[in-house]
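# Observations on chain architecture
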Amino acid sequence: MALTNEIVKQKLSDKFGDQLTNWEEPYGMLTFTAPKELNLKVLQFLYDDETLKFQFLTDLCAVHYPERKGEEIAMVYTVHNLADNLRIRFKVYTDAEKTEVYTVSALYEAANWMERETYDFYGVHFIGHPNLKRIMNVDEMNYFPQRKEYPLEDQTRIDKDDEMFGRGGSIS
Amino acid sequence: MRPVRFNINPKEANIANSIMMGELPDGHLGDGFFATKLSDVVGLARKNSIWPLPFATSCCGIEFMATMASHYDLARFGSERVGFSPRQCDLLMVMGTIAKKMGPVLRQVYLQMAEPRWVIAVGACASSGGIFDTYSVLQGIDQVIPVDVYVPGCPPRPEAIIDGVLRIQDLVQNESLRRRNTEQYAALLNSYGIE
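Throughout what follows, the structure given in this document is the object of discussion. (Residues numbered from 1 in each chain as written. Chains lettered and ligands numbered in written order. Predicted model: local features only at pLDDT ≥ 70, side-chain atom pairs only at ≥ 80, totals over all residues.)

### Here we look at the nonpolar core
Residue and element names in this part refer to chain B. Cut-off, in case you're wondering: For this analysis, nonpolar core means a set of buried Ala, Val, Leu, Ile, Met, Phe, Trp, Tyr and Cys residues linked through C-beta atoms within 7 Å. Three exposure classes are used, all based on how many other C-beta atoms lie within 10 Å of a residue's own C-beta (placed from the backbone): buried at 20 or more, exposed at 12 or fewer, and partly exposed between those limits. Working definition: helices are DSSP H or I runs of at least four residues, strands are E runs of at least two. Numbering for both runs from the N terminus. Think of it this way: build a C-beta for each residue from its backbone, and any pair within 7 Å is a contact.
Residues Leu92, Met93, Val94, Ile120 and Val122 are the most contacted members of the largest nonpolar core, which totals 35 residues. For this core, the secondary-structure elements that each account for two or more residues are strand E3 (52-56), helix H3 (59-68), strand E4 (91-95), helix H4 (103-111), strand E5 (118-122), helix H5 (124-128), strand E6 (149-151) and helix H6 (158-174). Ignoring anything within four residues of it in the chain, the contact list for Val94 reads Phe55, Leu106, Val119, Ala121, Val122, Ala126 and Ile141.

### Details of the sheet that holds strand E3 (residues 56-64) of chain A
Residue and element names in this part refer to chain A. Stated precisely, the cut-off is as follows: Pairing between strands requires that DSSP locate at least two bridges from one strand to the other. Lines fitted to C-alpha atoms define the axes here, with helix axes fitted over just the stretch in contact, and angles between the N-to-C directions of these axes take values from 0 to 180 degrees.
In spatial order, the strands read E1-E2-E5-E4-E3; together these 5 strands make up an open sheet with mixed pairing. Each edge of the open sheet carries a strand with a single partner, namely strand E1 (21-24) and E3. Neighbouring strand axes in the sheet, compared pairwise and without regard to direction, differ in orientation by 15 degrees on average. Looking at chain direction, E3 and strand E4 (residues 73-81) are connected through 8 bridges and run antiparallel. Counted as the bridge partner of Val63 is Ala74 from E4.

### Here we look at helix H1 (residues 5-16) of chain A
Cut-off, in case you're wondering: The span one expects for a helix is its residue count, reduced by one, times 1.5 Å.
Here H1 of chain A is 12 residues long and its end C-alpha atoms lie 16 Å apart, about the 16 Å a rise of 1.5 Å per residue gives. Phi turns positive, to about 70 degrees, at Gly17 of chain A, one or two residues after H1 of chain A.

### Section: the interface of chain B and chain A
Just so we agree on the cut-off: Each residue is assigned to one class: nonpolar for Ala, Val, Leu, Ile, Met, Phe, Trp, Tyr, Cys and Pro, charged for Asp, Glu, Lys and Arg, and polar for all the others, Gly among them.
The interface of chain B with chain A comprises 7 residues on the first partner and 7 residues on the second. Split by residue class, the side of chain B that touches chain A holds 1 nonpolar, 3 polar and 3 charged.

### A few points about the sheet that holds E6 of chain B
Residues and elements named next belong to chain B. The strand order across the open sheet built from 4 strands is E3-E4-E5-E6, with neighbouring strands paired in parallel fashion. Two strands bound the open sheet, and with one partner strand each, they are E3 and E6. Across the sheet, the mean angle separating the axes of adjacent strands is 20 degrees when strand polarity is ignored. Relative to E5, E4 runs parallel, the two sharing 5 bridges.

### Comments concerning the packing of helix H2 (residues 38-47) of chain B against H6 of chain B
All names here are of chain B. Formally: Comment on the angle field: the value is read as roughly parallel under 35 degrees, roughly antiparallel over 145, roughly perpendicular from 65 to 115, and oblique elsewhere. Crossing handedness: left-handed means the near helix sits turned counterclockwise from the far one by under a right angle, and right-handed means the same turn made clockwise.
Where H2 contacts H6, the two axes come as close as 7 Å, and the packing angle between them is 155 degrees. Taken together, the axis directions place H2 and H6 in an arrangement best described as roughly antiparallel. Viewed along their axes, H2 and H6 form a crossing whose handedness is right-handed. Contacts between H2 and H6 involve Gly43, Leu44, Arg46 and Lys47 from the former and Gln169, Val172, Gln173 and Asn174 from the latter.

### Description of the pairing of E3 of chain B
Residue and element names in this part refer to chain B. To be explicit about the condition: Look down the strands so they point away from you; if the path from the first strand over the helix to the second goes clockwise, the crossover is right-handed.
With 4 of 5 residues buried, E3 lies mostly within the body of the structure. Where E3 and E4 come together, 5 bridges link them in parallel fashion. By the bridge assignment for E4, Pro52 is matched with Leu91. A crossover links E3 with its parallel partner E4, the connecting element being H3, and its sense is left-handed.

### Side note on unusual backbone geometry
Glu115 of chain B connects to Pro116 of chain B through a cis peptide bond whose omega is -10 degrees. Summarising the element assignment, Pro116 of chain B is placed in the loop between H4 and E5. Of note, the amide linkage connecting Cys154 of chain B to Pro155 of chain B takes the cis form, showing an omega dihedral of -10 degrees. Within the secondary structure layout, Pro155 of chain B lies in the loop between E6 and H6. Backbone geometry places Asn22 of chain A, a non-glycine residue, at a positive phi of 60 degrees.

### Topic: the packing of H3 of chain B against H6 of chain B
The angle between the axes and the distance between the axes are what describe a pair of packed helices. Residues and elements named next belong to chain B. Packing of H3 against H6 leaves a shortest axis separation of 9 Å and a crossing angle of 80 degrees. As summarised for this structure, H3 and H6 are arranged roughly perpendicular, according to the angle between their axes. Mapping the contact onto sequence places Glu63, Phe64, Ala66 and Thr67 in H3 and Pro158, Ile161 and Ile162 in H6.

### Observations concerning the pairing of strand E5 (residues 86-94) of chain A
Residue and element names in this part refer to chain A. Taking every second residue as pointing to the same face, the buried face of E5 carries Leu86, Ile88, Phe90, Val92 and Thr94, while none of Arg87, Arg89, Lys91 and Tyr93 on the other face is buried. Where strand E2 (residues 30-34) meets E5, 5 bridges bridge the pair, whose relative direction is parallel. Paired with Phe32 across the two strands is Phe90, which belongs to E5. Two elements, E4 and E5, share 9 bridges in a ladder whose sense is antiparallel. Note on E5: the bridge partner recorded for Thr78 is Arg89.

Structure follows, in structure tokens:
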């Protein structure tokens, strides 16, 4: 019988119990959260299990939630089962100062560059990554741009008209 | 029938309106010879045979492809041979968004060009960063290389790119032969950190 969200949830709960929390299904896509030490174990289980077989890593990215103190940076893994065409989302949360997560690049080759990108933009340090350095930004950059405390605009411009950009000026 | 507002008095096509003769520089015209200044002749020869290097990065590069195609033909103005080696080209046409990571690469390309060389910044992103006012986009290529002509637009129409090339041709024609050896030029290059 075809793989459904309920079967996945049942098998995961049998294996990991109530370490997996926050089960949701936004738009039909099963989403759950795990403690950050378990991320590789959960993904390995999803990969190896005979019925689950989630062997395609669709996406790996980070989200910065500044209002969740103590677990600001979320890592989101999206894995896909190509045989049964089912996709699930798996999140782990980690701290903003000490962002360390185990790497999954031993399991999925695609995670190598995706984790470098996540390090580049959010500063998530991946333990065990073979080559963790900046991939898209300039190598000399000393901050992590996609965190919410940094502005989008280039700060070296001196000729921007504040009034036109809706900041200060003579109107507001 | 809809009332027609435009083109209600069409002009017949007149071949005399479509052809422009090039101007002869000042000089003495005789029977079988023409004597003029060397700088005029050199300027005329250089301006009608510019070899551009299209440094096309994004959307403005597509507009450049349209400009080089048959409808807006840039080759009419002498830029028939576009080269992709900076050693062989006169005009560096930077068309598209240049990221901060690409800046040193652009500088290397510019440094490999031989004098006399000109630079045209096509489009808003090359001129000033365009709409991409972000941490990763170079806010104008004039932060890394000296630019002669800026063509605004997002993207500029092919007619605008041709207008930019025509302005470059004016600069080429009127440039003094000694300009590249002057101190002001050396000072300009020094301000960009180029020796």
